[in-house]
Amino acid sequence: MQKLKELNSSPFFPELIHFENGVATEFRIQPETALELLFEKFKEDAKPEEKENLRIDIIKTLRKYNLEIPEGILTERQRTTESPLRRLFKIFQR
């Protein structure tokens, strides 16, 4: 829950994902972007094998419900480009 609070406490954005009783009930950004942001947040302090397990669990869950898998989670490449939060910020600046 702490990581979710950190994600939603950006000084630049209102609450990005609204949670009720630990369940995401409203997305104020595209759900795919929200999933990428959550993935990035949850893997920050994780060991490499934990990151991969998290990625695999997300993919399995999304496939189970026939939901689209965000490209950033599916490929999980080394991030030499901007983070999803920075990309989102740039969109709102336009």
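Refer to the structure printed above.
Residues numbered from 1 in each chain as written. Predicted model: local features only at pLDDT ≥ 70, side-chain atom pairs only at ≥ 80, totals over all residues. Heavy atoms only, no water.

Section: the overall build of the chain
Then, number 1: When its secondary structure is counted, the chain shows 5 helices and 2 strands.
Then, number 2: Along its sequence from the N terminus, the chain presents helices and strands in the succession α-β-β-α-α-α-α.
Then, number 3: Put simply, 45% of the contacts in the chain that link residues at least 6 apart link residues at least 24 apart.
Then, number 4: As presented, the chain carries roughly 6800 Å² of accessible surface, and 52% of it is formed by carbon and sulfur atoms. (Helix = DSSP H or I, 4+ residues; strand = E, 2+ residues; numbered from the N terminus. Contact = heavy atoms within 4.5 Å. Areas by Shrake-Rupley, 256 points an atom, 1.4 Å probe, with all protein chains shown as cover.)

Concerning the nonpolar core
Then, number 1: Counting 8 residues, the largest nonpolar core is built from Leu4, Leu7, Leu16, Ile17, Ile29, Ala34, Leu37 and Leu38.
Then, number 2: Elements that contribute at least two residues to this core include exactly helix H1 (2–8) and helix H2 (31–43).
Then, number 3: Ranked by residues supplied to this core, first place goes to H2 with 3 residues.
Then, number 4: Formed by 6 residues, the second largest nonpolar core is a distinct cluster that contains Ile59, Leu62, Ile69 and Ile73. (Core = buried A, V, L, I, M, F, W, Y, C linked by side-chain atoms within 4.5 Å. Buried < 20%, exposed > 50% of the residue type's maximum accessible area, 1.4 Å probe, protein only.)

Description of the packing of H2 against helix H3 (residues 48–64)
Then, number 1: Put simply, H2 and H3 touch, their axes get as near as 10 Å, and they point 155 degrees apart. Judged by the angle between their axes, H2 and H3 are roughly antiparallel. The element H2 and its partner H3 pack so that their crossing is right-handed. Of the residues in H3, those touching H2 at Leu35, Phe39, Phe42 and Lys43 are Lys51, Leu54, Arg55, Ile58 and Leu62.
Then, number 2: In terms of residue class, the contact of H2 with H3 is built from 6 nonpolar, no polar and 3 charged. (Axes fitted to C-alpha atoms, helices over the stretch in contact; angles between N-to-C directions. Parallel < 35°, antiparallel > 145°, perpendicular 65-115°, else oblique. Left-handed = near helix turned anticlockwise from the far one by under 90°. Nonpolar A, V, L, I, M, F, W, Y, C, P; charged D, E, K, R; others polar.)

Side note on the pairing of strand E2 (residues 23–27)
Then, number 1: The pairing of strand E1 (residues 17–20) with E2 spans 4 bridges and is classified as antiparallel. Opposite isoleucine 17, over in E2, you have phenylalanine 27 as the bridge partner.
Then, number 2: Counted between consecutive antiparallel strands, the loop separating E1 from E2 contains 2 residues, among which asparagine 21 sits at a positive phi close to 55 degrees. (Pairing = 2+ DSSP bridges.)

Details of H2
Then, number 1: End to end, H2 covers 18 Å across 13 residues, agreeing with the expected 18 Å (1.5 Å per residue, within 8%).
Then, number 2: Ala34, Glu36, Leu37, Leu38, Phe39, Glu40, Lys41 and Lys43 are the residues of H2 that are buried. (Expected span 1.5 Å × (residues − 1).)

What to know about unusual backbone geometry
Then, number 1: You will see that asparagine 66, though not glycine, has its phi angle at about 55 degrees, which is positive.
Then, number 2: Turning to its location among the elements, asparagine 66 is positioned in the loop between H3 and helix H4 (71–75).

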